[in-house]
Amino acid sequence: MKRLGILLSGRGSNFEAIADNVAAGKIPAEIAVVISNRPEARGLEVARQRGLNAVCIPSKGMEREAYDRLLIEELKKNRVDLICLAGFMRLLSAMFVREFPLRILNIHPSLLPAFPGLDAQHQALEHGVKISGCTVHFVDENLDAGPIIVQAAVPVLNDDTVETLSARILKEEHRIYTEAINIVLSGKFRIEGRRVILED
Ligand code: GAR
């Protein structure tokens, strides 16, 4: 059984969707560890309630590589095969990324490469796009930049607020994160340049 490591910083709804699908047998893996960089993260509490191995490694005031070394140690201790960033609001160092080549996924609430970084849904509304969505991609050493595995689009409506648009996108996030994890776990893909090509 493949072992997932989940990294989060807050609410943890993407983590919950993944955990639900693992429990329902829709992802052929187990959650080996859930790590939060914030002690107050709701996702950490949810992980504990579910009886999962939930670990807090506070990042406040820590230098990036020193922090990432702690993360690497915890993930290796738990023999994690795939790392899923689920609302983990902290940049990872190149050192961390090199440690787990093509084994780190991230979800972002926009159609990348549009609107990377913080407050993607706010950026989309400000820009006036008519379609937005979400992206699951491999993590490389640049922000929200690695090869794209799955995307989903949603309309932007006239009366949308950040909240209503975010909710519409979030529903798709919960769906495509599982889809992307299953693609990566299956190994049935190859990467050509920036393109993730699905095989059969
Ligand atoms: C999600 O919308 C996720 O796409 C976003 O944070 C939210 C976390 O929600 N991530 C980013 O913006 C990363 N740059 P959750 O904690 O309920 O999964």
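Please refer to the structure placed before this passage.
Here the structure is a predicted model, which is why all the values come from computation and not from measurement.

Right, let's talk about the overall build of the protein for a bit. Scanning the protein from terminus to terminus reveals 6 helices and 9 strands. Here the C-alpha radius of gyration of the protein, 16 Å, is about what a compact globule of 200 residues would show, namely 16 Å. C-alpha extents for the protein along the principal axes are approximately 50 × 40 × 35 Å. The buried share of the protein, reckoned over its 200 residues, is 50%. For the protein, the accessible surface area stands at approximately 9,900 Å², while carbon and sulfur atoms represent 52% of it. The centroid of the 25 positive side-chain charges in the protein is displaced by 3 Å from the centroid of its 26 negative side-chain charges.

Here the largest pocket defines a volume of roughly 900 Å³. Gly87, Phe88, Met89, Ile107 and Pro109 are the residues nearest the centre of the largest pocket, which is lined by 37 residues in total. Looking at the lining of the largest pocket, its residues break down into 15 nonpolar, 14 polar and 8 charged.

Turning to the packing of helix α1 (residues 13-23) against helix α6 (residues 162-186), a few remarks are in order. Relative to each other, α1 and α6 sit at 50°, their axes nearing to 9 Å. It follows that α1 is oblique to α6 by the angle criterion. The interaxial crossing formed by α1 with α6 has right-handed handedness. Residues Ser13, Asn14, Ala17, Ile18 and Asn21 of α1 lie in contact with α6, whose contacting residues are Leu170, Glu173, His174, Tyr177, Thr178 and Ile181. Of the residues contributing to the contact of α1 with α6, the split by class is 5 nonpolar, 5 polar and 1 charged.

What counts, and where the lines are drawn
- Residues numbered from 1 in each chain as written.
- Predicted model: local features only at pLDDT ≥ 70, side-chain atom pairs only at ≥ 80, totals over all residues.
- Heavy atoms only, no water.
- Helix = DSSP H or I, 4+ residues; strand = E, 2+ residues; numbered from the N terminus.
- Rg over C-alpha atoms; globule rule 2.2 N^0.38 Å.
- Buried < 20%, exposed > 50% of the residue type's maximum accessible area, 1.4 Å probe, protein only.
- Areas by Shrake-Rupley, 256 points an atom, 1.4 Å probe, with all protein chains shown as cover.
- Lys, Arg positive; Asp, Glu negative; His and termini not counted.
- Charge placed at Lys NZ, Arg CZ, Asp CG, Glu CD.
- 1 Å grid on protein atoms, 1.4 Å probe; cavity = no way out; pocket = protein on both sides within 12 Å on 5 of 7 lines; lining within 4 Å.
- Points joined across faces, edges and corners; volume = space filled by probe spheres on them.
- Nonpolar A, V, L, I, M, F, W, Y, C, P; charged D, E, K, R; others polar.
- Axes fitted to C-alpha atoms, helices over the stretch in contact; angles between N-to-C directions.
- Parallel < 35°, antiparallel > 145°, perpendicular 65-115°, else oblique.
- Left-handed = near helix turned anticlockwise from the far one by under 90°.
- Contact = heavy atoms within 4.5 Å.

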